[in-house]
Amino acid sequence: MNLRFYPLDKQECTFEIHGYDSMRFLLEPEFQWVVPGVPVVTDANSIHSQFEVTQVDFKAKYNSFLSSVAQCPYHQGSYAYNTEACTKCENYGGKKNSESKDECVDTNKQSPNTYTTLAITMYMKRRLSYYMMEIYVPSITIVCLSWVAFWINRAAVPARVALGITTVLTMITQSTRVVDMPQISYVRAIDAWLLACQCMVFGALLEYAIVNYYDRKPKAKTAAAAPPQPVKVVRLPNSPSEKGSMNGHMVPPEPPKKPRNPDDEGIAATIDKGARILFPLSYLGFNIFYWVYYSVADQHH
């Protein structure tokens, strides 16, 4: 089973029944279908699966233990299935796409080296309703929520930092919901999606770190040093009882506030305005590439 496209994957499942010791699988006229002319019939009312059968191919063929003897399919066909078109059916058997028969006159059917094989291949695609509601839609909401920070005042440090950290941690928690899968050594489609969403929310948090750096960057020192601040002298009484006696106490001046560079404030505002456009556009571009690629790409190559 190839899970590179999970949960947008399509799987093939083949069943083979071999007949040895002069046993022959004859589809017609001795073999009787549950539904005439249909190889596989599903019980539409009792199926609870994350897969949907889209097509069934069957092939009955003569084989030989001798490598020099070629196989000869004597009956094969293909059937398409669309269970959505059957809402009130108890059984659904599909629609015939093609069917062919061959007498296999050149095959030595009575040879002990000859045996027959009945192969049924089921083509299935995974249902996306669960993954859309549990993985894709919540992760899109979290990413869009992280963009709200771009419209919050740059001076509101607790609000923007709390929003950024919350979205990052929520996205990490969301990623842990898809671990109930076999241990594999390659990247699945859902891994690529969650990784991109994590990068988006982390990028929004990192963007504010850059904005805050420029917003609080002090103004560069000039060549001429500022004159020293005078020392204030305050006359205070020694004690409440000694009203006539006064001593001088030196009070250090308040340190001057570092002036902000207006150019850096302009850079911070520009970064915020650019992020409001760049982040949504980049995420939209990723969505277009993701859904087009995993919908169109050939999963078997």
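Values in this document were obtained by computation on a predicted structure and should not be read as measured data. (Residues numbered from 1 in each chain as written. Predicted model: local features only at pLDDT ≥ 70, side-chain atom pairs only at ≥ 80, totals over all residues. Heavy atoms only, no water.)

Quick rundown of the overall build of the protein? Include the residues and the values.
Helix and strand counts for the protein come out as four helices and nine strands. If you list the helices and strands of the protein from N to C, you get β-β-β-β-β-β-β-α-α-α-β-β-α. For the protein, contacts bridging at least 24 residues in sequence account for 74% of all contacts bridging at least 6. Accessible area of the protein: about 19,800 Å², with a carbon and sulfur share of 60%. (Helix = DSSP H or I, 4+ residues; strand = E, 2+ residues; numbered from the N terminus. Contact = heavy atoms within 4.5 Å. Areas by Shrake-Rupley, 256 points an atom, 1.4 Å probe, with all protein chains shown as cover.)

An account of the packing of aromatic side chains is needed here, citing residue identities and associated values.
Counted under the stated rule, the structure contains 20 aromatic pairs. The interplanar angle of 55° and the centroid separation of 4.9 Å between the aromatic rings of Tyr290 and Tyr294 together place this pair among those described as tilted. With Tyr290 and Tyr294 both in helix H4 (residues 262-296) and four residues apart, the pair spans about one turn of that helix. The class of Tyr290 is buried, set by a relative accessible area of 2%. Taking NZ or CZ as reference, Arg4 lies 4.2 Å from the ring centre of Tyr186, over its face. (Phe/Tyr/Trp six-rings, centres within 6.5 Å; stacked < 30°, edge-to-face > 60°. Buried < 20%, exposed > 50% of the residue type's maximum accessible area, 1.4 Å probe, protein only. Lys NZ or Arg CZ within 6 Å of the ring centre and 35° of its normal.)

Quick rundown of helix H2 (residues 157-175)? Include the residues and the values.
The end-to-end C-alpha distance of H2, which contains 19 residues, comes to 27 Å, matching closely the 27 Å that a straight helix rising 1.5 Å per residue would cover. Inspection of H2 places Arg160, Leu163, Gly164, Thr167, Val168, Met171, Gln174 and Ser175 among the buried residues, and these make up the whole buried set. Buried residues in H2, looked at end-on, bunch into an arc of 125°, giving them a common side. H2 presents Pro158 and Thr173 as exposed residues on the side facing more than 90 degrees away from its buried surface. (Expected span 1.5 Å × (residues − 1). Arc of directions from axis to C-beta.)

Can you tell me about the packing of H2 against helix H3 (residues 189-215), naming the residues and giving the values?
Two elements in contact, H2 and H3, have axes whose closest approach is 9 Å; the angle formed by their N-to-C orientations is 165°. The orientation of H2 with respect to H3, classified from their angle, is roughly antiparallel. Crossing angle aside, the handedness with which H2 passes H3 is left-handed. For the pair H2 and H3, contact is made by Val157, Arg160, Val161, Gly164, Ile165, Thr167, Val168, Met171 and Ser175 and by Leu194, Cys197, Gln198, Val201, Phe202, Leu205, Glu207, Tyr208 and Asn212, respectively. Of the residues that constitute the contact of H2 with H3, the class distribution is eleven nonpolar, five polar and two charged. (Axes fitted to C-alpha atoms, helices over the stretch in contact; angles between N-to-C directions. Parallel < 35°, antiparallel > 145°, perpendicular 65-115°, else oblique. Left-handed = near helix turned anticlockwise from the far one by under 90°. Nonpolar A, V, L, I, M, F, W, Y, C, P; charged D, E, K, R; others polar.)

Tell me about the sheet that holds strand E7 (residues 114-126), residues and numbers included.
What links the strands of a sheet is backbone hydrogen bonding, and the strands pair in either a parallel or an antiparallel sense. Pairing in this open sheet of five strands is antiparallel, and the strands run E1-E7-E3-E4-E6 from one edge to the other. In this open sheet, the two edge strands, each paired with only one partner strand, are strand E1 (10-19) and strand E6 (95-101). When strand polarity is set aside, the average angle formed by the axes of neighbouring strands in this sheet is 10°. Pairing geometry for E1 and E7, over ten bridges, is antiparallel. Counted as the bridge partner of Gly19 is Thr116 from E7. (Pairing = 2+ DSSP bridges.)

Purely spatial values, then, with no claim about function.
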